[in-house]
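Descriptive analysis of the structure
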Amino acid sequence: LQIFSGVSVRAGTAIAADGTIPITFDFKERPLHAVGITAAYSTDLGGSLKTTWSDRNIFGSAEQLNLSAAGTGLGGTDVTSPGYNLLAQLIEPDFLVRDQSLEFDLGALRQNLEAYDQTAATASAALHRKFSQSWSAGIGLSAERERIKQESVTRDYTLVGVPLTVNYDSTGLADPLADPTHGVRAALTATPSVSLGRRDTPFAIVQATGSAYFDLGETGLAEPGRSVLAVRGLIGSVVGASQFELPPDQRF
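Residues numbered from 1 in each chain as written. Predicted model: local features only at pLDDT ≥ 70, side-chain atom pairs only at ≥ 80, totals over all residues. Heavy atoms only, no water.

Moving on, we get to the overall build of the protein. Each helix and strand counted, the protein has zero helices and 14 strands in total. When the helices and strands of the protein are read in sequence order from the N terminus, they spell out β-β-β-β-β-β-β-β-β-β-β-β-β-β. For a compact globule of 252 residues, the expected C-alpha radius of gyration is about 18 Å, and the protein comes in at 23 Å, more than 25% above that figure. Overall, the C-alpha framework of the protein stretches about 80 × 50 × 35 Å when taken along its three principal axes. The buried share of the protein, taken over its 252 residues, is 24%. Expressed as a percentage of contacts within the protein between residues at least 6 apart in sequence, the contacts between residues at least 24 apart total 44%. Per element, the accessible surface of the protein, about 16,100 Å² overall, is 58% carbon and sulfur. Each charge class in the protein can be summarised by its mean position, and for the 19 positive and 27 negative side chains these summaries are 4 Å apart. (Helix = DSSP H or I, 4+ residues; strand = E, 2+ residues; numbered from the N terminus. Rg over C-alpha atoms; globule rule 2.2 N^0.38 Å. Buried < 20%, exposed > 50% of the residue type's maximum accessible area, 1.4 Å probe, protein only. Contact = heavy atoms within 4.5 Å. Areas by Shrake-Rupley, 256 points an atom, 1.4 Å probe, with all protein chains shown as cover. Lys, Arg positive; Asp, Glu negative; His and termini not counted. Charge placed at Lys NZ, Arg CZ, Asp CG, Glu CD.)

In structure tokens:
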């Protein structure tokens, strides 16, 4: 839940009359607010600088509010001028039942690329459910209003989608910051969408990704956990619309 910095357990000094022993859990809460700064650079999209502000327990039940603002497109071979990316995110953990979260996102972005210029506002809601240690899934509803200029032609698009995801993870990591040394991660995403406008265009974007990790320590070539071979693949397809019927930012 990211709201505790430590949890300790203490057993009582005496057994109760019914044969039980009292157990005391001591929780230490982390600071309520957090600020983060992230910098990144790629040769095609240039540099970005992002700052985030988080409230880890905004309503008292571990709800998390994240606000971020980023300057993007700072240099790069595929960028003509800088842009921005603004995001507000609210996460409700254990929504209705355990291991189920509800997430709301509001965003605004602008990017000026060699391929096209885009200004957009986005909104989405998604329900995520963890079924076991390895399996999880999600379903959502997304909306996007965007203006795209490409080759001196400006078009407005309104997109509505239903993102569906299924995830499998057998790496067995309790710490999300640790690197996997074995196991498989796989994800399947399908997003049925419709582009509303002069002519409604329904389509679906389907993507499958997978990665596998092999500990070379099991072969005797290295110390266990020290050298890991990672293999990753991705495949995707657009169903129901041709390339030029899609908004430019939805194309592969």
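Once that is clear, we can look at the pattern of salt bridges. Evaluated as defined, the whole model comprises four salt bridges. Of the charged contacts in the structure, one is a salt bridge between Arg 10 and Asp 26, with a shortest N-O distance of 2.8 Å. In this pair, Arg 10 sits in strand E1 (residues 4-11) while Asp 26 sits in strand E2 (residues 23-29), placing the two residues 16 residues apart along the sequence. Where Asp 156 meets Arg 147, a salt bridge forms, and the shortest distance between an N and an O atom there is 2.6 Å. Residue Asp 156 is classed as partly exposed on the basis of its relative accessible area, which comes to 35%. (Salt bridge = Lys/Arg side-chain N within 4 Å of Asp/Glu carboxyl O.)

Okay, unusual backbone geometry next. Leaving glycine out, the prevailing phi sign among residues is negative, and the prevailing peptide bond configuration is trans. One non-glycine residue, Ala 62, adopts positive backbone phi at about 70°. Examined against the element boundaries, Ala 62 turns out to sit in the loop between strand E4 (46-55) and strand E5 (64-74). Within the chain, Asp 99 stands out as a residue other than glycine whose phi angle is a positive 60°. If you trace the backbone, Asp 99 turns up in the loop between strand E6 (79-92) and strand E7 (100-113).

What follows concerns a nonpolar patch on the surface. Taken together, Leu 1, Phe 4, Val 7, Val 9, Ile 15, Ile 21, Ile 23, Phe 25 and Phe 27 make up a surface patch of nonpolar side chains, about 910 Å² in accessible area. Elements supplying a minimum of two residues to the nonpolar patch: E1 and E2. With respect to the helices and strands, Val 7 occurs in strand E1. (Patch = residues over 30% accessible without salt bridge, like charges linked within 9 Å, V, L, I, M, F, W, Y side chains within 5 Å.)

Our focus in this paragraph is the layout of surface pockets. What the largest pocket holds in volume is close to 1,400 Å³. Along the wall of the largest pocket there are 38 residues; nearest its centre are Gln 2, Ser 101, Lys 130, Ser 136 and Pro 176. When contributions to the lining of the largest pocket are tallied by element, the ones reaching two or more residues are E7, strand E8 (117-130), strand E9 (135-150), strand E11 (164-169), strand E12 (183-196) and strand E13 (201-215). Looking at the lining of the largest pocket, its residues break down into 12 nonpolar, 18 polar and eight charged. Around the second largest pocket sit 31 residues that line it, and Ser 142, Glu 144, Pro 163, Thr 191 and Gln 250 are the ones nearest its centre. Among the secondary structure elements, those contributing two or more residues to the lining of the second largest pocket are E7, E8, E9, strand E10 (153-161), E12 and E13. (1 Å grid on protein atoms, 1.4 Å probe; cavity = no way out; pocket = protein on both sides within 12 Å on 5 of 7 lines; lining within 4 Å. Points joined across faces, edges and corners; volume = space filled by probe spheres on them. Nonpolar A, V, L, I, M, F, W, Y, C, P; charged D, E, K, R; others polar.)

What follows covers the pairing of E6. Note that E5 and E6 share nine bridges and pair antiparallel. Each bridged residue has a counterpart across the sheet, and for Gly 71 the counterpart in E6 is Tyr 84. Two successive antiparallel strands, E5 and E6, enclose a turn made up of four residues, where Gly 75 displays a positive phi of approximately 90°. (Pairing = 2+ DSSP bridges.)

For soluble globular proteins, nonpolar side chains are generally found buried alongside one another. Ranked by size, the top nonpolar core spans five residues in total: Val 79, Leu 113, Tyr 116, Ile 148 and Tyr 157. Those residues in contact with Tyr 116 that sit more than four places away from it in its chain are Gln 111, Ile 148, Lys 149, Gln 150, Pro 248 and Asp 249. (Core = buried A, V, L, I, M, F, W, Y, C linked by side-chain atoms within 4.5 Å.)

Position of Ile 139 among the secondary structure elements: in strand E9. Taking the C-alpha atoms as reference points, Ile 139 and Arg 129, 10 residues apart in sequence, are found 8.9 Å from one another. Once you skip the residues sitting within four places of it in the chain, Ile 139 turns out to touch Ala 125, Ala 126, Leu 127, Val 162, Pro 163 and Leu 164.

Take the environment of Val 238 next. Relative to the helices and strands, Val 238 resides in strand E14 (residues 228-239). Considered as a pair, Val 238 and Thr 219 are 19 residues apart in the sequence and their alpha carbons are 41 Å apart. When sequence neighbours within four positions are dropped, the list of residues in contact with Val 238 reads Phe 203, Ala 204, Ile 205, Leu 246 and Phe 252.

So yeah, pure geometry; function would need other evidence.
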